[in-house]
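# Architecture and fold: a report
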Amino acid sequence: MASEDISKLAESLAKTQVGGGQLSFKGKSLKLNTAEDAEEVIKEIEEFDGMEALRLEGNTVGVEAAKVIAKALEKKPELKRCHWSDMFTGRLRSEIPAALISLGEALVSAGCQLVELDLSDNAFGPDGVRGFEVLLKSPACFTLQELKLNNCGMGIGGGKILAGALQECHRKSSAQGKPLALKVFVAGRNRLENDGATALAEAFKIIGTLEEVHMPQNGINHPGITALAQALALNPLLRVINLNDNTFTEKGAVAMAETLKKLRQVEVINFGDCLVRSKGAVAIADAVKEGLHKLKELNLSFCEIKRDAALIIAEATEDKSELEKLDLNGNCLGEEGCEQIQEILESFNMAEVLGSLSDDEGEDDEDEDDDEDDDEEEEEEEELVEEQGCLQVKDEAGESGLEEEPEVEELGVTYRQVFADAHQLRPLHLYQTPLSINTLPHQALSRTQSSPASTSLKSSAAEPVIKHLFTTGVVYDTFMLKHQCTCGNTNIHPEHAGRIQSIWSRLQETGLLSKCERIRGRKATLDEIQTVHSEHHTLLYGTSPLNRQKLDSKKLLGPLTQKMSAVLPCGGIGVDSDTVWNEMHSSSAVRMAVGCLLELAFKVASGELKNGFAIIRPPGHHAEESTAMGFCFFNSIAIAAKLLQQKLAINKILIVDWDIHHGNGTQQAFYSDPSVLYISLHRYDNGNFFPGSGAPEEDRGDACSQRVLPRRGPCFCRL
């Protein structure tokens, strides 16, 4: 039987009430709010003899319905598998814990001995973990083998609660002579970060029976990766390690490589988009060469690996007879490097295992040693932020009341210079910049050998139009989640990663994402950003700490009024109380937001797509030529419009800005440009509502009346 036939059969069985004692309501879109709504479900549960599995995916269960379903489950001690993913669609987060508590209490009361618990795609947050904490600690979970909590928004707090519950479960089950023997753990897309991952690592050390660990997209950096590596080394049966889209850097990759040398059963390694870089890749290659004879899949895509390191990886696979896939796409191999890798694998009669290299970034000319030094400095700064929560900034006299720390030399200047007034929180001023400025293209950034790399946007005018399967594009990148205040408290910062993460999750839950063309994002170049912003502003917010060291400090510092100069009440650093800055991640995140929109806008404008939706942050419409404010650093929509004018010669553009706040930055960028019609729907309150601009008298009705909207062409709406 073909694999696709098997898949269809499994799907068919999942939608019926037969097959291995399984009762399924999967995908029926039942809205179970009250006890009356759940009557039919209860009846089927009560009448189903020998029910070993219950599938409730793809429905929505309220608190009252959960209580009556729980009553029916109290008489089902044979239940072993709970497939309860995606069963709280549209529910308030406050409802979900109560529903889970009722269902959990029923399983404990019935004396169930669970083998599998799947609560994925329920977005219940840290409080939701409390909802099944008691269940995890109970005898009902002493026999648990598979725990699946993908895309639940647990966060650091939820990760710690979960870790504690697993440890308690192991302690209690061990006391009865049958310790918890968990085999499969799935917790991707939960923003566990370092603290959550480290807490779970402690639980993994104790358990020791894991065979599969899936924790992609959790914002884990090298301290958390190192903790996980040490824990996984104590799980000798491990077959699958999926940590895709976290940030290893060299330290994390080396730690994980040491763990791989101790494991003998590993079949799948997914470290794609983990920034292992060349030295980390070489360490992993060494581990592959020494052992891992059962390896079937190795994913090191999009990790900033250069040619020489990639060749070492390819050579390490020589005696891996079971290898089915090697993914090195999206690295820095160059055309020659891609050919050399193919030749190496052909010499092993393994050419078919190599995945596509179509997204190769091209060979990087920068010195390998320089990159490794950069890694070390980045990691040292990252540790500084993690240990202190934020950078301690001294006042000019050095009298801060705190123990004096040495100044960090960077950018050709010190933090004392850049944040000279940081001890005084600068109030957020009302917008007062004149709007009569003629916006002229800025001079392109000068380039030297030591300047940050830059490429100009490629014009697609002469290229054939690519036709996609779907007409609507969507672009999103998890790197934008890393822009957050170093205080870590999202409750006091309304513009946080959860904004776009929840949108992305909702698109997945509703199935809309599967009907859209996924567009790969990228970081905007500095030249692209400078079409709207000044050189000083572009360099200050668009370069990493390490690249700033190579720049002229006079260009970087600029006018004194344009510096980041506030220590926030929460202890973090920002332009003002709203516009936070994370020295480790914000520059890349803000450029990613611009680049994602550019990729989508050009595909729409060139006819590849009919329309599109960019899920990006931080926002941009308050950002002016040389001023960051109101959560915004770079004006994404303005940059996109400017580049469409310059690269595709589009001469009529409409920008509809639907936001409670006026888009002062976008208005400034196009106030004197008759080819752009900017419409802002906002609250004004006689200038008393932020940002204080957008008065009726600012309307350029005379200019707008001469503009004619295009019948065809791009139309952007920033929601």
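If you're wondering where the values come from, they're calculated on a predicted model, not measured in any experiment. (Residues numbered from 1 in each chain as written. Predicted model: local features only at pLDDT ≥ 70, side-chain atom pairs only at ≥ 80, totals over all residues. Heavy atoms only, no water.)

### Focus on the overall build of the chain
Scanning the chain from terminus to terminus reveals 23 helices and 24 strands. The buried share of the chain, taken over its 719 residues, is 55%. The contacts in the chain between residues at least 6 apart in sequence include a share of 81% that link residues at least 24 apart. Surface exposure of the chain reaches about 31800 Å², of which carbon and sulfur atoms provide 49%. (Helix = DSSP H or I, 4+ residues; strand = E, 2+ residues; numbered from the N terminus. Buried < 20%, exposed > 50% of the residue type's maximum accessible area, 1.4 Å probe, protein only. Contact = heavy atoms within 4.5 Å. Areas by Shrake-Rupley, 256 points an atom, 1.4 Å probe, with all protein chains shown as cover.)

### Regarding the packing of aromatic side chains
Two aromatic rings are characterised by how far apart their centres lie and by the angle between their planes. This structure, assessed with the given rule, holds seven aromatic pairs. Judged by centre distance (5.2 Å) and plane angle (55°), the rings of Tyr-541 and Phe-633 are tilted. Taken together, the residues Tyr-541 in helix H17 (residues 535-542) and Phe-633 in the loop between strand E21 (611-614) and helix H21 (636-648) connect sequence positions 92 residues apart. Of the residues examined, Phe-633 reaches a relative accessible area of 0% and is grouped as buried. (Phe/Tyr/Trp six-rings, centres within 6.5 Å; stacked < 30°, edge-to-face > 60°.)

### Details of the environment of Gly-219
Take Gly-219: it is sitting in the loop between strand E9 (212-214) and helix H8 (222-232). The buried category is assigned to Gly-219, whose relative accessible area is 15%. Separated by 260 residues in the primary sequence, Gly-219 and Phe-479 place their C-alpha atoms 8.7 Å from one another. The contact partners of Gly-219, leaving out residues within four places of it in the chain, are Arg-191, Glu-193, Asn-194 and Asn-246.

### A look at the side chain of Gln-645
By secondary structure assignment, the location of Gln-645 is in helix H21. A polar atom in the side chain of Gln-645 sits 2.9 Å from the side chain of Ser-675. If we skip the residues at most four places from it in the chain, Gln-645 touches Ile-650, Ile-653, Phe-670, Asp-673, Ser-675 and Val-676. (Polar contact = N/O pair within 3.5 Å; in protein donor to acceptor, adjacent residues only side chain to side chain.)

### What to know about the sheet that holds strand E20 (residues 580-581)
Pairing between the strands of a sheet is mediated by backbone hydrogen bonds and can be parallel or antiparallel. A sheet is described by the order of its strands in space; here three strands give the open sequence E18-E19-E20, paired in antiparallel fashion. The sheet is open, and its two borders are formed by strand E18 (566-567) and E20, each paired with just one other strand. Bridge count for strand E19 (residues 573-574) against E20 is two bridges, and the pairing is antiparallel. Paired with Ile-573 across the two strands is Trp-581, which belongs to E20. (Pairing = 2+ DSSP bridges.)

### A closer look at H17
H17 sits mainly inside the fold: seven of its eight residues count as buried. Of the positions making up H17, those classed as buried are His-536, His-537, Thr-538, Leu-539, Leu-540, Tyr-541 and Gly-542.

### Some remarks on the sheet that holds strand E16 (residues 472-475)
Read across the open sheet, the three strands follow the order E17-E16-E21; overall the sheet is parallel. The strands lining the two open edges of the sheet, one partner per strand, are strand E17 (517-519) and E21. Direction aside, neighbouring strands of the sheet carry axes that sit 25° apart on average. On top of the sheet, helix H20 (residues 586-605) reaches E16, E17 and E21; it is set at about 175° to E21, its chief contact. (Axes fitted to C-alpha atoms, helices over the stretch in contact; angles between N-to-C directions.)

### Things to note about unusual backbone geometry
At the junction of Arg-617 and Pro-618, the peptide bond is cis and its omega measures out at -5° in the coordinates. For Pro-618, the location among the structural elements is in the loop between E21 and H21. Following Phe-690, the chain continues into Pro-691 via a peptide bond in cis, with omega recorded as 5°. Take Pro-691: it is sitting in the loop between strand E23 (676-681) and helix H23 (701-704). Even without glycine at this site, Thr-249 takes up a positive phi of about 55°. Of note, Thr-249 is situated in helix H9 (residues 249-260). What makes Thr-249 buried here is its relative accessible area of 5%.

### Overview of the packing of helix H5 (residues 125-137) against helix H6 (residues 155-175)
Interaxial distance between H5 and H6 falls to 9 Å at its minimum, and their mutual angle equals 0°. On the basis of their axis angle, the class for H5 and H6 is roughly parallel. Between H5 and H6, the contacting residues are Pro-126, Val-129, Arg-130, Phe-132, Glu-133, Leu-136 and Lys-137 on the first element and Gly-157, Gly-158, Ile-161, Leu-162, Ala-165, Glu-168, Cys-169 and Lys-172 on the second. For the contact of H5 with H6, the residue count by class is eight nonpolar, two polar and five charged. (Parallel < 35°, antiparallel > 145°, perpendicular 65-115°, else oblique. Nonpolar A, V, L, I, M, F, W, Y, C, P; charged D, E, K, R; others polar.)

### Description of helix H10 (residues 277-290)
One turn of an α-helix holds 3.6 residues; hence residues three or four places apart share an orientation. For H10, built from 14 residues, the straight-helix expectation of 20 Å at 1.5 Å per residue is met to within 8% by its first-to-last C-alpha distance of 20 Å. Looking one or two residues past H10, Leu-292 carries a phi angle of roughly 55°, positive in sign. (Expected span 1.5 Å × (residues − 1).)

### Notes on the pairing of E16
Inspection of the sheet shows E16 paired to E21 by four bridges, in the parallel sense. Its bridge partner being in E21, Val-475 is matched across the sheet by Ala-614. Here E16 pairs with E17 via three bridges, running parallel. Among the inter-strand pairings, Val-474 is bridged to a residue of E17, identified as Arg-518. One crossover worth recording links E16 to the parallel E17 by way of helix H15 (residues 498-510), and it is right-handed. (Right-handed = clockwise from strand over helix to strand, strands pointing away.)

### A few points about the nonpolar core
Grouped together as the largest cluster of nonpolar side chains are 121 residues, with contacts concentrated most on Leu-162, Phe-185 and Phe-271. Other than its neighbours up to four places away in sequence, Phe-271 contacts Ile-241, Leu-243, Phe-248, Met-256, Leu-260, Ile-284, Asn-299, Leu-300 and Cys-303. Formed by 50 residues, the second largest nonpolar core is a distinct cluster that contains Ala-628, Ile-637, Ala-638 and Ile-650. (Core = buried A, V, L, I, M, F, W, Y, C linked by side-chain atoms within 4.5 Å.)

### Some thoughts on the pattern of salt bridges
Following the criterion strictly, the structure yields 30 salt bridges and no others. The residue Lys-261 makes a salt bridge to Asp-286 at a minimum N-O spacing of 3.1 Å. Here Lys-261, found in the loop between H9 and strand E11 (268-270), pairs with Asp-286, found in helix H10; they are 25 residues apart in sequence, far enough to count as distant. Residue classification places Lys-261 among the partly exposed positions, given a relative accessible area of 22%. Classification of Asp-286 by relative accessible area gives partly exposed; the value is 33%. Because the salt bridges share partners, they merge into one network encompassing Glu-211, Glu-212, Arg-239, Glu-267 and Lys-296. (Salt bridge = Lys/Arg side-chain N within 4 Å of Asp/Glu carboxyl O.)

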